[in-house]
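What the coordinates show
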Amino acid sequence: NGWIQFRHHGFSRDVSSWTSMAGNTHSIRNRNAFDIERGRLVFSGYAKDPRLTYFLQLDGDTDGGHAVDFFDYWWAWDFSDDFQIQFGKRKVTASRQWLLGARSTRLTERPMACDFFRPDRTLGIFANGKFGETGRYELMVGNGYSTSNLPDSATDNNLTFAATSYFDIGGKYGSQIVDFQPSDDPVARLGHSMVYSPITEGTNGLPLGEADFTRLTDGTQLTANGALAPGVTVSAYKIYLYSVDFAAKYRGWSFNSEVYLRWIEQLEANGALPTYNLYQHGYFVEGGHFVIPRTLEWNVRYSQINGRFGNSGEVAVGLNWFPRKSTDMKLSIDFTNVVSSALQNTSSDILVGDDGRLIRAQIQTEF
Amino acid sequence: NGWIQFRHHGFSRDVSSWTSMAGNTHSIRNRNAFDIERGRLVFSGYAKDPRLTYFLQLDGDTDGGHAVDFFDYWWAWDFSDDFQIQFGKRKVTASRQWLLGARSTRLTERPMACDFFRPDRTLGIFANGKFGETGRYELMVGNGYSTSNLPDSATDNNLTFAATSYFDIGGKYGSQIVDFQPSDDPVARLGHSMVYSPITEGTNGLPLGEADFTRLTDGTQLTANGALAPGVTVSAYKIYLYSVDFAAKYRGWSFNSEVYLRWIEQLEANGALPTYNLYQHGYFVEGGHFVIPRTLEWNVRYSQINGRFGNSGEVAVGLNWFPRKSTDMKLSIDFTNVVSSALQNTSSDILVGDDGRLIRAQIQTEF
Amino acid sequence: NGWIQFRHHGFSRDVSSWTSMAGNTHSIRNRNAFDIERGRLVFSGYAKDPRLTYFLQLDGDTDGGHAVDFFDYWWAWDFSDDFQIQFGKRKVTASRQWLLGARSTRLTERPMACDFFRPDRTLGIFANGKFGETGRYELMVGNGYSTSNLPDSATDNNLTFAATSYFDIGGKYGSQIVDFQPSDDPVARLGHSMVYSPITEGTNGLPLGEADFTRLTDGTQLTANGALAPGVTVSAYKIYLYSVDFAAKYRGWSFNSEVYLRWIEQLEANGALPTYNLYQHGYFVEGGHFVIPRTLEWNVRYSQINGRFGNSGEVAVGLNWFPRKSTDMKLSIDFTNVVSSALQNTSSDILVGDDGRLIRAQIQTEF
C-alpha cells in the first residue's frame, strides 16, 4: 500500500536576501508551487518465518529530482514479543517528533525546531523493546547523524549512537498525537532522547560530505569556509543531542512539546577558531482541539531556535479536516509566520534565510 | 501491471556537426544502440471509497541515468460520472497527440512537430468531464510548461494554465487512433487545445532552469547566451500555445493531424534584443491502413516545424505487426528522413541538428 | 518478491595513499560502515501468452546515491523448451562467476579477479538454449562491455558480442556452487566464455564515457590522461575477453575456479604510445566444506590479477551460517587480505589502491 501528500504552498517574503556568517548572500524568492511532498509505496510482511519481518518504503517526492529512493528498508527479527532487532535503513532513533510518522504531524509539517536539531535516516542496527506497562525504548548504532542518502565516500569511519524511551501516564497514548478518538480520561506521554555522533575530517584535512548538514543558529553551514573565522574551514566535530518530550490529550484537546539541547564540541579546523564548542537549543509547543470529533480540528504552534549566532522562530495556526471520519484522508491548511529561518528544508517549504508568511494547503490520502 | 518498449535504432548522418544561433557547435554522431525506451510499472485502483482513485506510474527508461522516476502520480475524486478532479503529477492537458499514450502512437514515436511544441508533465490540479454525447474536456492549473522533473528551486512562482476539448462525429472514436477494430461507418474526432505559461527570471536576472526547454526553430535554446543577440541572454517570456487536431477512420484506413501555433511574447533579457516576440508554427499529417485486419498495418507521416530562424521536417514510413491480433503486443519498424532537426528528444532518438536517416525497430509488450 | 544484503565492513589500511600511472594520488581511508549492499525487488511472470515471460528487478543499494534503478528488465519468448530469446537489459553473457547471482557467491562477494575482468550489464538481444544432456549456452549482441547505466550519449555506435557455454559431468550440478544439498556422487561443471567489444572515440577525438571502465593492472584508468605516456589520452581500443571455468562438489566439499585472459588491442590515442596492445590475465580458486550439512560452511579463496603494469591479489577465509537450513537466509563473515588492489568496486568494498585487511559481516534474506 502507499500514501501521498499533495500540497500547494505560497511564500511571501519580507526580505529579499540572506547573508550567511561566511559572507555569502542568497536571494529569497516568493514561491507559489504544487508539490507531491511525499509519495510513498510500502511493501511489508514476513518472510518464511513469522519472526522475520521486512519493511520497504519507496519515496518519490518532487522536491528534488523526482527520482525514486529506497527510503526505509529494514528487516527485523523478533526475539520475543518484547524485544526486536532491526537491520537496515531507518530513522536515527532520537526526537519523539522526528520518529512520529510524517502522516501524523499536527500541522502539514514538523516544527522548525525539530527539523533544525533532529538527525536523519541512517544505515545501522536497531533494537527496540518494552519496559513496565507502557514504556518503550529504542537503541541504535549506525553510520551517522545525517547520512541518509550519502555514499560511503562521503561518510567517515566513526559510528553514531542514539537512544530514546518514553512511558505513558493514565493509559495507552496511542499512535496519534492529536485526540482523534476522544479520550474520556486524560492521558500523557513523557520521554527523552539522546544522540552521540563524532564526525571526522577527510584525509585531506577538509570536511567530508557527511559534515555539511550542521548549521549555526543563523543558518550558516558550520563547514562553510569562513563560517566561524575568515578563511577558516571547520573539518571535524562531535555532536551531542539531548531532547525531552511531553504530550497530553483529553476530550478532543491535545498538547505536545519537545525541547532540544545540542552541543557541538571539539571543533577542528584548518586555522584558529574564536571558539571550540557551540551550544544550541530550541523547543516547540503545539496544541489543538477537535471542534467536531473525528472530523474538524484547529491547531496552533510556536517554535524557537536559539544560539550564539542568531535566533529563528515560527508561529503557526492551521485546520485539519478528516472528511471520512478516519485518519486515512486528511485535508489541511496552515499559515505560518517565519522569522529569520536557520532551517533549510525543502520538505517543509522553509528555506534558509526565509522571513515572511507561508501558507500550505495539503491533501493526504492512503491506499 | 506494466509495459515496455524495447528498441534498436540506427542513425546515419548527412552532416557531421550543427552550429546553434548562439555560435556553439555540436558534433552529430552516427548511432547504433539498443534501448529500453519506456519501461513502465503501473499501480492503480481505488482507496477506501470507490470515488477516490489513484494512479502511480514508475518509469525506468535507459536514455538517461537508468534511475526510476515517479512518472505520473495522481489521485482523483469522482464528483459524478461526468466530472472528476485530479491532484498530482500528470501531462499538461494540451495537444491531442501528446495526451495520447506513448503505447498508441502510429509509428514508434510521436511526430517531430508534436515533440517540439508540446508541453511536458507538471504538478497541479486537473479537472475533466463530459459535454454533449461524445465531448470531453480537460482543464489544468499547474507549476509550468515543462517542469516535469525539476526541483522547486528551478521553477518560478507563476502558474501555467491549459485546456483541451474534443468531440466525436459518427460515433465513439475509441482510444486507438488507428483503425485496429475495423469501423463499418466513418468516425471522426475534432478538438483543440491551448496553454498559457508565463516564465519569469530568477532574482539574479538570469533565466531559471524552467526556461531552458524552449528552442528557436533552428534548434537553439532560447535562453542560451547569444541566441538572439551577441552576449545577450533571454531570462523571461510568456508562452501561448494553440493547437487544432483532427482524426478519422473507416474500414481499416485512418488519418490524423494536428496543427501547432506558438507565440513567445514579452521577451526580457539583459540587453537589447532584435525582437521581443516570436511566432512558431508546425503540423503533422499521418495515415495508415490495415492490410490484414487487426494484424498488419502500414503507415506514413509528414511533419514540419517553421519559424523565423529555421525549418525542420521529417518524412516517415513504417509497419506495425500485432502478432496476437491484440494491441497488447506490437512489433514496429519505421524509417524516417530527418531534415535539420530543431528537436532534442532522446526518447524519439532525434537530437538537435540531426540531418540524416533514422531507422527504429521496436518490440512493445504489456503484462 | 525480493531480497537484501545488509552488511557491515571494516577496512584497515596498510598504505595511506595510492598513485596512478597517470600521476594522480588518492588517499586510502580506513573504513567502518553499514550498507544495504543489494536491495532488490523482483517482478516476474508471464504476459497473456505462457511463452512470453518478463523479469523486472529494481535495485536500491546504498553505495551510490540511494536511488532506485531498473536493474534488470527483460522480456523473453520461448521458441521451445530448449531455446529462448530475451530482449532488454541483462548481464553481458560471459564469466561463469559474473553470471552467478550475487546471492549465491561463496564469500560475501565475488573474487577480485572476476570483478576486475568481467563485463557489466547491457541492453541487447540474448539467446539461450540447451545442448546434449546437461549443456547450456548463451549468446548476446548488445550495446557495450560496461554500459550498464550509461546514456546513449556516452556510448559508441559499435555493438558488443558475447558467448558462454558449459556442461556438467556426473549429473546435474544445480544452481548452488557450494554443496548445500550434499552430493553423494562427485559432480563437476566445465565451461568457457568470450567477449568481443570494440570501443571507439567520440567525434572530438576524446574517449566516450563508455571507455572509462577499463583499468591497467595497477588500477589506473586506461583512458586517464597520461596513463600510458605523459600527456597522451587513449581514446579507442578493442577488448577480447576469454575465460575458462571449472567447478566440482562432493559430500559437502566444493571447489570452483575461473581463469581470465584479456587482450586490449588496437589502442588509439592523441599522441604516440609506448605500446598498442595490452595483455592482462588473472584467476581465482575457491573451496569450502559444510561442517554441519545445510547449516555451517567454511570457505577459502585466492585471487590474482596480473599484467604489465602491476599485480593485485587477495586471500580470504569466511564462514556461512544458514540458520533455517535453507538458502533463503544466510549470515556470512569473511576476512580478506587485499594486496595493491587494481579493482575499484564499491559493491565489494574494495577500492582502487587498497592494501590492507578487510572484514565483512553480512545478513542476507529473501522474501
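Residues numbered from 1 in each chain as written. Chains lettered and ligands numbered in written order. Predicted model: local features only at pLDDT ≥ 70, side-chain atom pairs only at ≥ 80, totals over all residues. Heavy atoms only, no water.

**Focus on the relation of the copies chain A and chain B**
In this structure, two copies of a chain are linked by a rotation about an axis accompanied by a shift along it. We apply this condition: Least-squares fitting of one copy onto the other uses the C-alpha atoms of those residues that reach a pLDDT of at least 70 in both copies. Any two residues having at least one pair of non-hydrogen atoms within 4.5 Å are treated as being in contact.
Structural alignment of chain A on chain B gives an RMSD of 0.0 Å, achieved by rotating through 120° and translating 0.0 Å along the axis. Taken together, the turn and the small shift mark the pair as related by a three-fold rotation axis. A low fraction, 3%, of the interface residues of chain A reappear at the interface in chain B, so the copies pair through non-equivalent surfaces.

**Looking at the interface of chain A and chain B**
Convention followed: A 1.4 Å probe defines the accessible area here, and the buried area is the portion of it lost by two parts on being joined, summed over both. In what follows, salt bridge is the name for a side-chain nitrogen of Lys or Arg lying within 4 Å of a carboxyl oxygen of Asp or Glu. Residues adjacent in sequence count toward polar contacts only when both atoms are side-chain atoms; beyond that, a polar contact is any pair of N or O atoms within 3.5 Å, and within protein one must be able to donate a hydrogen and the other to accept it. Here a helix means four or more residues in a row that DSSP labels H or I, a strand means two or more in a row labelled E, and each is numbered from the N terminus.
With 35 residues of chain A at the interface, the matching set in chain B holds 36 residues. Carbon and sulfur atoms make up 65% of the area that chain A and chain B hide from each other, which totals about 2,900 Å². The interface formed by chain A and chain B includes 1 salt bridge. Asp49 of chain B serves as the salt-bridge partner of Arg324 of chain A, at 4.0 Å between the closest nitrogen and oxygen. Between the two partners, chain A and chain B, sit 3 residue pairs in polar contact (both at pLDDT 80 or more). Those elements that provide at least two residues to the side of chain A that touches chain B are β1 (2-13), β4 (31-47) and β18 (356-366) of chain A. Here the side of chain A that touches chain B takes 9 residues from β4 of chain A, the largest share from any one element.

**What about the packing of aromatic side chains?**
Selection rule: Any two rings among Phe, Tyr and Trp, with Trp reduced to its six-membered ring, count as a pair given centres within 6.5 Å; such a pair is stacked if its planes are under 30 degrees apart, edge-to-face if over 60, and tilted if neither. To sort residues, take the accessible area from a 1.4 Å probe on protein chains only and compare it with the maximum for the residue type: under 20% means buried, over 50% means exposed, and anything in between is partly exposed. Two thresholds decide whether a charge sits over a ring: the Lys NZ or Arg CZ must be within 6 Å of the ring centre and within 35 degrees of the ring normal.
Following the criterion strictly, the structure yields 53 aromatic pairs over all chains and no others. Judged by centre distance (5.0 Å) and plane angle (85°), the ring pair of Phe116 of chain C and Phe117 of chain C falls under edge-to-face. Under the relative-accessibility criterion, Phe117 of chain C is labelled buried at 0%. Among the aromatic residues, ring-to-ring pairing joins Phe116, Phe117, Tyr260 and Phe284 of chain A into one connected group. One cation-aromatic arrangement involves Arg90 of chain A over Phe126 of chain A; the distance from NZ or CZ to the ring centre is 5.5 Å.

**What about the interface of chain A and chain C?**
Convention followed: Each residue gets one of three labels, nonpolar for Ala, Val, Leu, Ile, Met, Phe, Trp, Tyr, Cys and Pro, charged for Asp, Glu, Lys and Arg, and polar for the others, Gly among them.
Between chain A and chain C, the contact holds 36 residues from the first and 36 residues from the second. At the junction of chain A with chain C, the criterion picks out 1 salt bridge. At the boundary of chain A with chain C, the tally comes to 3 residue pairs in polar contact (both at pLDDT 80 or more). Counting only elements with at least two residues in the side of chain A that touches chain C, the list comes to β4, β5 (49-59), β6 (69-80), β7 (83-91), β8 (121-131) and β9 (135-142) of chain A. Partitioned by chemical class, the residues of the side of chain A that touches chain C number 20 nonpolar, 10 polar and 6 charged.

**A look at the pairing of strand β16 (residues 310-321) of chain B**
Regular strands place side chains that alternate from one sheet face to the opposite one. Residue and element names in this part refer to chain B. The line we're drawing: Pairing between strands is defined by DSSP: at least two bridges between the two strands are required.
Here 12 bridges tie strand β15 (residues 296-307) to β16, and the two strands are oriented antiparallel to one another. Bridged to Ser303 within β16 is Glu314. What sits between the antiparallel neighbours β15 and β16 is a turn of 2 residues. Across 9 bridges, β16 lies against strand β17 (residues 329-339) in antiparallel orientation. Bridge pairing in β17 places Val315 opposite Asn337.

**Concerning the environment of Glu265 of chain C**
You can see Glu265 of chain C is positioned in strand β13 (residues 253-269). Distance in space between the C-alpha atoms of Glu265 of chain C and Thr275 of chain C is 9.7 Å, their sequence separation being 10 residues.

**Considering a nonpolar patch on the surface**
Residue and element names in this part refer to chain A. Quick note on the threshold: Patches in this entry comprise residues that are over 30% relatively accessible and not in a salt bridge; like charges within 9 Å are linked, as are nonpolar side chains (Val, Leu, Ile, Met, Phe, Trp, Tyr) within 5 Å. A 1.4 Å probe and the Shrake-Rupley method give the accessible areas. Residues count as covered only by the protein chains that appear here.
A cluster of nonpolar side chains, contributed by Trp253, Val291, Ile292, Trp298, Val300, Val317, Leu319, Ile333, Phe335 and Ile359, occupies part of the molecular surface with about 860 Å² of accessible area. Broken down by secondary-structure element, the contributors of at least two residues to the nonpolar patch are β14 (278-292), β15 (296-307), β16 (310-321) and β17 (329-339). Relative to the assigned elements, Ile333 resides in strand β17.

**Looking at unusual backbone geometry**
Residue and element names in this part refer to chain A. Unusually for a residue other than glycine, Arg294 sits at a positive phi of about 60°. Its location among the elements puts Arg294 in the loop between β14 and β15. Exposure remark for Arg294: the relative accessible area of 27% places this residue in the partly exposed category.

**What to know about the pattern of salt bridges**
Under the defined criterion, the tally for this structure stands at 63 salt bridges over all chains. The salt bridge partner of Arg51 of chain A is Asp49 of chain A, with a shortest N-O separation of 3.0 Å. Residue classification places Arg51 of chain A among the partly exposed positions, given a relative accessible area of 43%. By relative accessible area, Asp49 of chain A is classed as buried at 9%. Of the charged contacts, one joins Asp245 of chain B and Arg96 of chain B as a salt bridge, the two residues approaching to 3.0 Å between their closest N and O atoms. Placement of the pair is Asp245 of chain B in strand β12 (residues 234-250) and Arg96 of chain B in helix α1 (residues 96-99), with a sequence separation of 149 residues.

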